[in-house]
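Residues per chain are reported as follows:
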Amino acid sequence: MRAIAQDDMKESPIRKRDGVYEYRCPTCRTWWPIDDDHWRPGNGFRRCKACWNGYHKLWERERAKDPEIREVVNFKGRIRHALNREKRNAANREWKARNPEYIAAYNAAYKARKKAEAMSAVSADGVASVCQSEQNVGSIGAVGVGCSPPPRSDAPSRRCTMTTRP
Ligand SMILES: [Zn+2]
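> Quick question: what am I supposed to make of the overall build of the protein chain here?
Counting its regular elements, the protein chain contains five helices and five strands. The N-to-C order of helical and strand elements in the protein chain reads α-β-β-β-α-α-α-α-β-β. By residue count, 4% of the 166 residues in the protein chain fall in the buried class. Counting contacts in the protein chain only where the partners sit at least 6 residues apart, residues at least 24 apart contribute 19% of the total.

> What should I look at first to understand helix H5 (residues 100-121) in this one?
Every α-helix winds through 3.6 residues per turn, so residues three or four apart in the chain are directed the same way. For H5, spanning 22 residues, the distance from its first C-alpha to its last is 32 Å, which sits close to the expected 32 Å at 1.5 Å a residue. Little of H5 sits out of view: just zero of its 22 residues are buried.

> I keep staring at the environment of Pro13 and nothing clicks. Help me out?
Residue position: Pro13 is located in the loop between helix H1 (2-8) and strand E1 (14-17). Put simply, Pro13 and Trp31 are 18 residues apart on the chain and 8.5 Å apart in space, counted from C-alpha to C-alpha. Discounting chain neighbours no more than four positions away, the residues touching Pro13 are Tyr23, Arg24 and Pro26.

> What's the story with the pairing of strand E2 (residues 20-24) in this structure? I'm lost.
In the case of a regular strand, side chains alternate between the two sheet surfaces. Sheet topology note: the E1/E2 ladder contains four bridges and is antiparallel. Considered in E2, the bridge of Arg15 is made with Glu22. The antiparallel pairing of E1 with E2 creates a hairpin that spans two residues between the two strands, and Asp18 there sits at a positive phi of about 50°. Where E2 and strand E3 (residues 31-33) come together, three bridges link them in antiparallel fashion. By the bridge assignment, Tyr23 is partnered in E3 with Trp32. In textbook terms, the turn of a hairpin is the stretch between consecutive antiparallel strands, and for E2 and E3 this stretch comprises six residues, one of which, Arg29, has a positive phi near 60°.

> Quick question: what am I supposed to make of unusual backbone geometry here?
As a rule of thumb, non-glycine residues mostly have phi less than zero, and peptide bonds are mostly trans rather than cis. With a phi close to 50°, Asp18 is a non-glycine residue in the positive phi region. Structurally, the position occupied by Asp18 is in the loop between E1 and E2.

> Would you take a moment to explain the sheet that holds E1 for this structure?
Whenever strands of a sheet pair, they do so through backbone hydrogen bonds, lying parallel or antiparallel. Ordered in space as E1-E2-E3, the three strands form an open sheet in which the pairing is antiparallel. Two strands in the sheet have a free side with no partner beyond their single neighbour: E1 and E3. Within the sheet, the average angular offset between the axes of one strand and its neighbour, ignoring direction, is 35°.

> What is the right way to read the confidence of the model for the protein chain from this model?
With 67% of its residues at a pLDDT of 70 or more, the protein chain has an overall mean of 79. Residue range residues 141-146 is modelled with pLDDT below 50. Its contacts to residues more than four positions away, or to other chains, number 17 contacts.

Procedures and definitions
- Residues numbered from 1 in each chain as written.
- Predicted model: local features only at pLDDT ≥ 70, side-chain atom pairs only at ≥ 80, totals over all residues.
- Helix = DSSP H or I, 4+ residues; strand = E, 2+ residues; numbered from the N terminus.
- Buried ≥ 20, exposed ≤ 12 C-beta atoms within 10 Å, placed from the backbone.
- Contact = placed C-beta atoms within 7 Å.
- Expected span 1.5 Å × (residues − 1).
- Pairing = 2+ DSSP bridges.
- Axes fitted to C-alpha atoms, helices over the stretch in contact; angles between N-to-C directions.
- pLDDT = per-residue confidence, 0-100.

Pasting the structure below:
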């Protein structure tokens, strides 16, 4: 009986199911309950909320292809970023103060990762190379790893001198 009733209403965009009125979205052809979670009454019933979201996403994507518009949007973003800087930093400081154990764990993991990288860079004969170049003095690594490449032989200054340490 119920199926027949639904068939009769096939052409109608509105139906009542389990005591709830539903409207069929003309765009995605899906039945949605008529409420604020599924519809934007101000935008009418041409699209459901999800379809409007998809529409706006596509619209913004097309709009962002224009370099002038992108420049304006990026400029606004930079202004917003600068205006919220203090607020954001304060929130970050507060979060770090509330989660010291997370920070400690993160730092420990970073230290362990860097140590493992340095150990893997040690050459097979157990000799680590310590970079003495100006950019990264003291970093441990094999020649050419974690160190600027050696300069050409005709460039005498700024040489990358690698010393070995047992
Ligand atoms: Zn829809």
